[in-house]
Amino acid sequence: MPAASTTLRMLAVSVIASLTVTGCQTFEDAGVAMGRSELVNDLTARLDRALELTYSADYQLPGGQRAAIVQAQNPARSAYTYPGGRLTVTPEAITRCTTTGARPECTLVTPPTPGSKPTVTLFDEANQQGLVTPPVVVGLLSAAALDPQAVIKQSDTTIAGHHAACVEVQSSSGDFTACVTTEGVLGSFTGPVDGKPMELALSSYSATVDTGAFDPPAGAGVVDRRPGGS
């Protein structure tokens, strides 16, 4: 399973487990916790189900920039394209590419061992360049659900022709709004990530993918740092 899928599943399990821990709570406190747990579990379940889909999602970023998430199955593969680069995760390798120069440059490293627990740092570069990934959204929802002072409001909308459930979160760590489509695709996000303002919105969705979506960019220089690589 790709690192992206494993990471998101581990985060979802962590969220659910942390929200179901019993403690010294009043009935009112328990009711609030249950409401937040149900809300978070619904959105994380949608995101989790999407890991079993084949799809292409294009996103609009501020300033006219664009990003994309592509997934395919059998075998499970994922690709994250963002301004200046791309991250691809397949059973064979994790490939990080920079596309800011005259020639794209890519580095291949060994993918996580199946069943291991990869870290969210895998997506740091994508996040820094404006592509908020689903694991980051799960982490933010988890933190909000565990914050007793956070205010979480739910709403529904349509994004790029797809119905989406949204949450508006107001908390001491930062306010944000996140929407997830019925299919489980991240529909939109607005708010700070690691102190940096972020904003993206789904512009198009397809249940098909380009067969070359997981290959290095044409003409790219490739450095293989896997054991036995060249």
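Residues numbered from 1 in each chain as written. Predicted model: local features only at pLDDT ≥ 70, side-chain atom pairs only at ≥ 80, totals over all residues. Heavy atoms only, no water.

A. Summary view of the environment of G85. Within the secondary structure, G85 sits in strand β4 (residues 85-89). Considering only alpha carbons, one finds G85 and A67, 18 residues apart in sequence, at a separation of 9.7 Å. In contact with G85, other than residues within four places in its own chain, are Y80, C97, T98 and T99. (Helix = DSSP H or I, 4+ residues; strand = E, 2+ residues; numbered from the N terminus. Contact = heavy atoms within 4.5 Å.)

B. Quick look at the packing of aromatic side chains. According to the stated counting rule, one finds two aromatic pairs in the structure shown. Ring centres 5.7 Å apart and planes at 25° place the aromatic pair F176 and F189 in the stacked group. Of this pair, F176 sits in strand β9 (residues 176-181) while F189 sits in strand β10 (residues 186-193), and the two are 13 residues apart along the sequence. The two residues F176 and F189 agree in class, both being buried. (Phe/Tyr/Trp six-rings, centres within 6.5 Å; stacked < 30°, edge-to-face > 60°. Buried < 20%, exposed > 50% of the residue type's maximum accessible area, 1.4 Å probe, protein only.)

C. Representation of the confidence of the model for the chain in the model. For the chain, per-residue confidence averages 80 on the pLDDT scale, and 80% of positions sit at 70 or higher. Across the chain, the element-wise mean pLDDT spans from 41 in helix α1 (residues 3-19) up to 96 in strand β1 (residues 55-60). (pLDDT = per-residue confidence, 0-100.)

D. Geometry of the nonpolar core. Y59, L87, L131, V132 and F189 are the most contacted members of the largest nonpolar core, which totals 41 residues. In contact with L131, other than residues within four places in its own chain, are Y59, A67, A68, I69, Y80, T81, Y82, A126, M198 and L200. In terms of nonpolar packing, the next biggest core, distinct from the first, is built from five residues, V70, A79, A213 and F214 among them. (Core = buried A, V, L, I, M, F, W, Y, C linked by side-chain atoms within 4.5 Å.)

E. Fine view of helix α4 (residues 134-146). A rise of 1.5 Å per residue sets the reference length of α4, with its 13 residues, at 18 Å; its end C-alpha atoms lie 19 Å apart and thus fit the reference within 8%. Residues P134, P135, V136, V137, V138, L141, S142, A144 and A145 constitute the buried set of α4. (Expected span 1.5 Å × (residues − 1).)

F. Structural view of the state of the cysteines. Within the structure shown, the criterion is met by two disulfides. Put simply, C97 and C106 are joined by a disulfide, and their sulfur atoms are 2.1 Å apart. Of note, the bridge from C97 to C106 carries an S-S torsion of about 110° and is right-handed in sense. Accessibility expressed as a relative area gives 3% for C97, which makes it buried. Owing to a relative accessible area of 2%, C106 belongs among the buried residues under this scheme. A sulfur-sulfur distance of 2.0 Å marks the disulfide that ties C166 to C179. Measuring handedness by torsion sign, the sulfur bridge of C166 and C179 sits at about 110° and is right-handed. Of this pair, C166 sits in strand β8 (residues 162-170) while C179 sits in strand β9, and the two are 13 residues apart along the sequence. Taking the relative accessible area as the measure of exposure, C166 reaches 4% and is therefore buried. On the basis of relative accessibility, which here comes to 5%, the residue C179 falls in the buried class. (Disulfide = S-S within 2.5 Å.)

G. Local environment of the sheet that holds β8. The strand order β7-β8-β9-β10-β11-β1-β2-β3-β4-β5-β6-β12 describes an open sheet built from twelve strands, whose pairing is mixed. If you trace the sheet from one side to the other, it starts and ends with β7 (151-159) and β12 (221-224), each paired once. Geometrically, the sheet is characterised by an average inter-axis angle of 15° between neighbouring strands, direction not taken into account. Bridging between β4 and strand β5 (residues 94-98) involves five bridges; their strand directions are antiparallel. Along β5, the bridge assignment pairs T88 with T95. The strands touched by α4 within the sheet are β2 (66-72), β7, β8, β9 and β10, with β10 carrying the most contacts at an inclination of about 65°. (Pairing = 2+ DSSP bridges. Axes fitted to C-alpha atoms, helices over the stretch in contact; angles between N-to-C directions.)

H. Spotlight on the pattern of salt bridges. Across all of its chains, the model carries two salt bridges by this definition. Residue R46 pairs with D42 through a salt bridge whose shortest N-O separation is 3.7 Å. Placement of the pair is R46 and D42 together in helix α2 (residues 27-50), with a separation of four residues, close to one helical turn. A residue is classified by how much of its surface remains accessible, and R46, at 12% relative accessible area, is buried. Note on D42: relative accessible area 32%, which makes it partly exposed. Measuring nitrogen to oxygen at the nearest pair gives 2.7 Å for the salt bridge that ties R226 to D224. Overall, the relative accessible area of 25% leaves R226 in the partly exposed class. (Salt bridge = Lys/Arg side-chain N within 4 Å of Asp/Glu carboxyl O.)

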